[in-house]
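# Reading the structure
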Amino acid sequence: MKITLLPLAFVLLFALSTQPLLGAADASPEQVVDTAGKILRADTKYYILPSMPHYRYITSNTDGLGLASIGEFCPLDVVVVNGYHGLPLTFTPVNPKKGVIRVSTDLNIKFADWTRCPHYSTVWKLDDFDVSRKQWFVTTGGVVGNPSWETIRNWFKIEKYDGAYKLVYCPSVMQSPKHLCKNVGIFEDQKGNKRLALTDVPLKVRFQKA
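Per an unreviewed UniProt entry, the protein chain is named Miraculin, and its organism is Crotalaria pallida.

### Examining the overall build of the protein chain
Across its full length, the protein chain carries one helix and 12 strands. Moving toward the C terminus, one meets the helices and strands of the protein chain in the order α-β-β-β-β-β-β-β-β-β-β-β-β. With 210 residues in all, the protein chain has 42% of them scored as buried. In the protein chain, the proportion of contacts linking residues at least 24 apart, taken out of those at least 6 apart, comes to 55%. Carbon and sulfur atoms provide 57% of the accessible area of the protein chain, an area that totals close to 12100 Å².

### Considering the packing of aromatic side chains
Each aromatic ring pair is described using two quantities: the centre-to-centre distance and the angle formed by the ring planes. Applying the stated rule across the entire model yields eight aromatic pairs. Ring geometry for Tyr-46 against Phe-91: centres 6.2 Å apart, planes inclined by 45 degrees, an arrangement best described as tilted. With Tyr-46 in strand 1 (residues 46-50) and Phe-91 in strand 4 (residues 89-93), this residue pair connects regions lying 45 residues apart in the sequence. The same class applies to Tyr-46 and to Phe-91, which are both buried. Ring plane angle 50 degrees and centroid distance 5.6 Å describe the contact between Tyr-165 and Phe-207, whose orientation is recorded as tilted.

### Some remarks on the environment of Asn-146
Following the sequence through the fold, Asn-146 ends up in the loop between strand 7 (138-140) and strand 8 (157-161). Among the residues examined, Asn-146 registers a relative accessible area of 56% and is labelled exposed. Spatially, the C-alpha atoms of Asn-146 and Val-173 are 9.8 Å apart, while their sequence positions differ by 27 residues. Contacts of Asn-146, omitting those with residues within four sequence positions, involve Thr-151 and Trp-155.

### Things to note about the pairing of strand 4
Two faces belong to every sheet, and in a regular strand the side chains alternate between them. Most of strand 4 is tucked away: four of the five residues are buried. With five bridges joining them, strand 4 and strand 5 (residues 107-111) adopt antiparallel strand pairing. From the neighbouring strand, Phe-91 faces strand 5, where its bridge partner is Ile-109.

The rules behind each value
- Residues numbered from 1 in each chain as written.
- Predicted model: local features only at pLDDT ≥ 70, side-chain atom pairs only at ≥ 80, totals over all residues.
- Heavy atoms only, no water.
- Helix = DSSP H or I, 4+ residues; strand = E, 2+ residues; numbered from the N terminus.
- Buried < 20%, exposed > 50% of the residue type's maximum accessible area, 1.4 Å probe, protein only.
- Contact = heavy atoms within 4.5 Å.
- Areas by Shrake-Rupley, 256 points an atom, 1.4 Å probe, with all protein chains shown as cover.
- Phe/Tyr/Trp six-rings, centres within 6.5 Å; stacked < 30°, edge-to-face > 60°.
- Pairing = 2+ DSSP bridges.

Here you go:
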């Protein structure tokens, strides 16, 4: 009896050892890299550089993102600036213990420099819907962390796109089928302001260490 059970026990042990552990975590999303091929990190400042081929608004490879007062003095809105790299930014993932920035992961985006609106943060957030322009614009005044329904408009993601990256607003910190899920692109108003907004066509971007 023992002679017949030992091979069976060995077979069962081998079969169990070759199976994935119950509840094992899925592979982490791919790491985002900068123009030098280095991994983006949460404690480092970067420039977000728009890529020329996708927009007539981009005049050179030195264009970047900055802040402008549009419609009201404060808070400031996120815009494309021509001729220089713009303002440096930092990225904070939804899990602040994760120091590496990955694609398809909720994160906060914050301009690192001080602005003339001391009562408003430089954290990106989605503004209220602009009825006259029929657009959702990206502004500032958000908060870092604290994922909740109150902060749902503060969360963005980086996705791979056409050999580079794009920014999207598609938060998954709070599960709901009613969330907007669109690319971040450019809307040019009548005064020539190139504002970041939710669009069908994404803005292709790269990240350069500041």
